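# Observations on chain architecture
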Number of protein chains: 2
Amino acid sequence: GRKVLIVYAHQEPKSLNGSLKRVAVEELSKQGCSVTVSDLYAMQFEPRATRNDIVGCLHNSEEFNYGVETWEAYKRGGLSNDLIEEQKKVQEADLLIFQFPLYWFSMPAIMKGWMDRVLVQGFAHEFPNCYDSGLLKNKLALFSFTTGGSEEMYAKGGISGDIRYLLWPMQHGIMHFCGVKVLAPHICFAPEYVSEEKRKEMLVAWAQRLKTLWKEEPINCSPEWYFK
Amino acid sequence: GRKVLIVYAHQEPKSLNGSLKRVAVEELSKQGCSVTVSDLYAMQFEPRATRNDIVGCLHNSEEFNYGVETWEAYKRGGLSNDLIEEQKKVQEADLLIFQFPLYWFSMPAIMKGWMDRVLVQGFAHEFPNCYDSGLLKNKLALFSFTTGGSEEMYAKGGISGDIRYLLWPMQHGIMHFCGVKVLAPHICFAPEYVSEEKRKEMLVAWAQRLKTLWKEEPINCSPEWYFK
């Protein structure tokens, strides 16, 4: 069975994000996948990148450099336990699903903190092993999110610009950099402004997509996909 | 004298980011500006958007909606004190400078949390008052940051793509959405891989730019600036 990690960032289990997460757990489990959820708010996951992420002495205590210190700590097994736990989950996963409400054209800070702290050098990338040779190659990622704005606002020529513009930092800058292949995003536009029935259709559509997810081809993660 | 708020996110005062912040405080103060710094790591600023941001009862305690709850709390003066403090600083400022190291094609989570939590509906925007009619119009913003990657990697056609691609969510999605006009970004490429002398030149160049900053015209914050 394949292994899936869902990194989930919503405060409210009753939200559409909560339901989308539940639908994914159910559908993927039904398929025989083993599914793990990192429920970031419930875990009170720490988003701040600080000295606390390194157990024991620093490599250079004169001038703190987070990137260098976490790299060194990773190599000697000296990262804090919450990071080691998350890295284990990532290591075992074939697919990472990120489920969140779009906050300011990006992920909520608590999820950005997961990226900042978990995907350290040595574990997820190590120059020149980045992009196609990133250390997490052979894994897939999928960004599944809800928006405040409507599909029209996020159309090419719309006031908020093509939704693909804002996917660049997340899909290319993070996942592709680590060698992860990216499946097409799953976007529920403006669920707060549609009927209860339409929201139910959104859940059904997600379950439906998941049924054939493993047959999907990754997107071509190049500037053309985003900006053409 | 003009008022400037520097929102600063680096753990180490001796870092180049720390020096860039200090240079800005010195140069702008010399000009007669009144400068305030929000030193996010020193403040242990909370990046997570949670129920704790609302003092007293919730508008809807059955199903927690962060956007709705903070909007309602703002209107009745019921946001948590740390947010009220930051909003006061923003309200008074003519110019916001964001000083940070680029983490994963974006700002560090602690600064993303500042955006998520401080720029609430009612304060920074209130539909249809967004983009050119956002509630923070007549203010300026400037993103000043350091990168890990080199200028060549962030060139058009470079492996990390044009650096402007990743500015879209921050400059357009956040600042422009709130009505803030955006000055050209100030980017120090790969300071960790250059000589001490080159790093000193970076500080001098920043001080130099600040001398004539108030004569600069904002960029034209449209898709053309970012993606052409």
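Residue positions are given per chain, counted from 1 along the sequence in the order it is written. The lettering of chains begins at A and the numbering of ligands begins at 1, in the order of writing. pLDDT decides what is reported in this predicted model: residues at 70 or higher carry local features, side-chain atom pairs at 80 or more are listed and counted, and totals for whole chains, interfaces and linings draw on all residues regardless. Processing note: side-chain calculations cover all non-hydrogen atoms of the structure and skip hydrogens and water entirely.

A count of helical and extended segments in chain A gives 7 helices and 6 strands. Think of it this way: any DSSP run of H or I at least four residues long counts as a helix, any run of E at least two long counts as a strand, and we number them from the N terminus. Ordered by position from N to C terminus, the α and β elements of chain A give β-α-β-α-α-β-α-β-α-β-β-α-α. Values of the radius of gyration come from C-alpha atoms, whereas the globule rule sets the reference at 2.2 Å times the count of residues to the power 0.38. The C-alpha radius of gyration of chain A comes to 18 Å, within 12% of the 17 Å expected for a compact globule of 228 residues. For chain A, the C-alpha atoms occupy an extent of roughly 55 × 40 × 30 Å along the three principal directions. Only protein chains enter the accessibility calculation, which uses a 1.4 Å probe; a residue is then buried when its area is under 20% of its type maximum, exposed when over 50%, and partly exposed in between. The buried share of chain A, taken over its 228 residues, is 59%.

So, about the side chain of T146 of chain A. Residue and element names in this part refer to chain A. Note on placement: T146 falls in strand β4 (residues 140–146). According to the relative accessible area criterion, T146 is buried, its value standing at 5%. The contact rule is simple, with two residues in contact once any of their heavy atoms fall within 4.5 Å. Residues contacting T146, with those up to four places away along its chain left out, are L16, N17, L20, F100, P101, L102, C188 and P191.

A pocket, in this scheme, is an open set of points on a 1 Å grid over the protein atoms alone with protein on both sides within 12 Å along at least 5 of 7 lines, while a cavity is a set where a 1.4 Å probe fits but cannot get out; residues line either one if an atom lies within 4 Å of a point. Grid points are joined across faces, edges and corners, and a volume is the space filled by probe spheres set on the points. Tallying each qualifying case throughout the model produces 1 cavity of 30 Å³ or more. Size it by volume and the largest cavity reaches roughly 120 Å³. Along its surface, the largest cavity is lined by 18 residues, and F105, S106 and P169 of chain A together with S106 and P169 of chain B are the ones closest to its centre. The set of elements that each furnish at least two residues to the lining of the largest cavity consists of α5 (163–175) of chain A together with α5 (163–175) of chain B. Charged residues are taken to be Asp, Glu, Lys and Arg, nonpolar residues to be Ala, Val, Leu, Ile, Met, Phe, Trp, Tyr, Cys and Pro, and polar residues to be all remaining types, Gly included. Class assignment for the residues of the lining of the largest cavity results in 14 nonpolar, 2 polar and 2 charged.

The positions that UniProt labels "domain: Flavodoxin-like fold" (unreviewed entry) are, in the present scheme, residues 3–210 of chain A. Taken end to end, residues 3–210 of chain A has its terminal C-alpha atoms 14 Å apart, with 36% of it in helix and 15% in strand. UniProt positions are given in the numbering used here, feature names are shortened, and annotations may be inferred rather than shown by experiment.

The interface is formed by 49 residues belonging to chain A together with 49 residues belonging to chain B. Between chain A and chain B, a total of about 4000 Å² is buried, with carbon and sulfur atoms accounting for 63% of that surface. Throughout, the accessible surface (probe 1.4 Å) given up by two parts as they are put together, summed over both, is called the buried area. Among the residues of chain A in contact with chain B, R48, W104 and F105 of chain A are the three that bury the most area, contributing 20% of the side total. In the sections that follow, a salt bridge refers to a side-chain nitrogen of Lys or Arg positioned within 4 Å of a carboxyl oxygen of Asp or Glu. At the junction of chain A with chain B, the criterion picks out 0 salt bridges. For this analysis, a polar contact is any N or O atom pair within 3.5 Å, provided that within protein one partner can donate a hydrogen and the other can accept it, and provided that sequence-adjacent residues contribute only side-chain to side-chain pairs. Taken together, the connections running from chain A to chain B amount to 24 residue pairs in polar contact (both at pLDDT 80 or more). Counting residues per element, the side of chain A that touches chain B draws most heavily on α5 of chain A, at 7 residues. Its residues assigned to classes, the side of chain A that touches chain B comprises 27 nonpolar, 13 polar and 9 charged.

With an omega of 5°, the peptide bond between F127 of chain A and P128 of chain A qualifies as cis. Its identity as a non-glycine residue notwithstanding, F105 of chain B has a phi of 60°, on the positive side. Along the chain, the position of F105 of chain B falls in the loop between β3 (95–101) and α4 (109–118). A positive phi angle is found at N138 of chain B, which is not glycine, with a value near 75°.

Counted according to the given criterion, the structure contains 24 salt bridges over all chains. Between K88 of chain B and E85 of chain B there is a salt bridge; the shortest N-O distance is 3.7 Å. Taken together, the positions of K88 of chain B and E85 of chain B, both in helix α3 (residues 81–92) and 3 residues apart, correspond to about one turn of that helix. Judged by relative accessible area, which is 47%, K88 of chain B ranks as partly exposed. Look at E85 of chain B and you get partly exposed, because its relative accessible area is 41%. Between R209 of chain B and E216 of chain B there is a salt bridge; the shortest N-O distance is 2.8 Å. Overall, the relative accessible area of 13% leaves R209 of chain B in the buried class. The exposure class assigned to E216 of chain B is partly exposed, which follows from its relative accessible area of 23%. One continuous salt-bridge network, built from bridges that share partners, spans E27, K30 and K211 of chain A.

Moving on, we come to the pairing of strand β1 (residues 3–8) of chain A. All names here are of chain A. Most of β1 is tucked away, with 5 of its 6 residues classed as buried. Bridge analysis of β1 against strand β2 (residues 34–39) gives 6 bridges, and the strand direction is parallel. Bridge assignment links L5 to a residue of β2, and that residue is T36. Relative to strand β3 (residues 95–101), β1 runs parallel, the two sharing 5 bridges. Residue pairing in the sheet places V4 in a bridge with L95 of β3. Strand pairing requires that DSSP identify at least two bridges connecting the strands.

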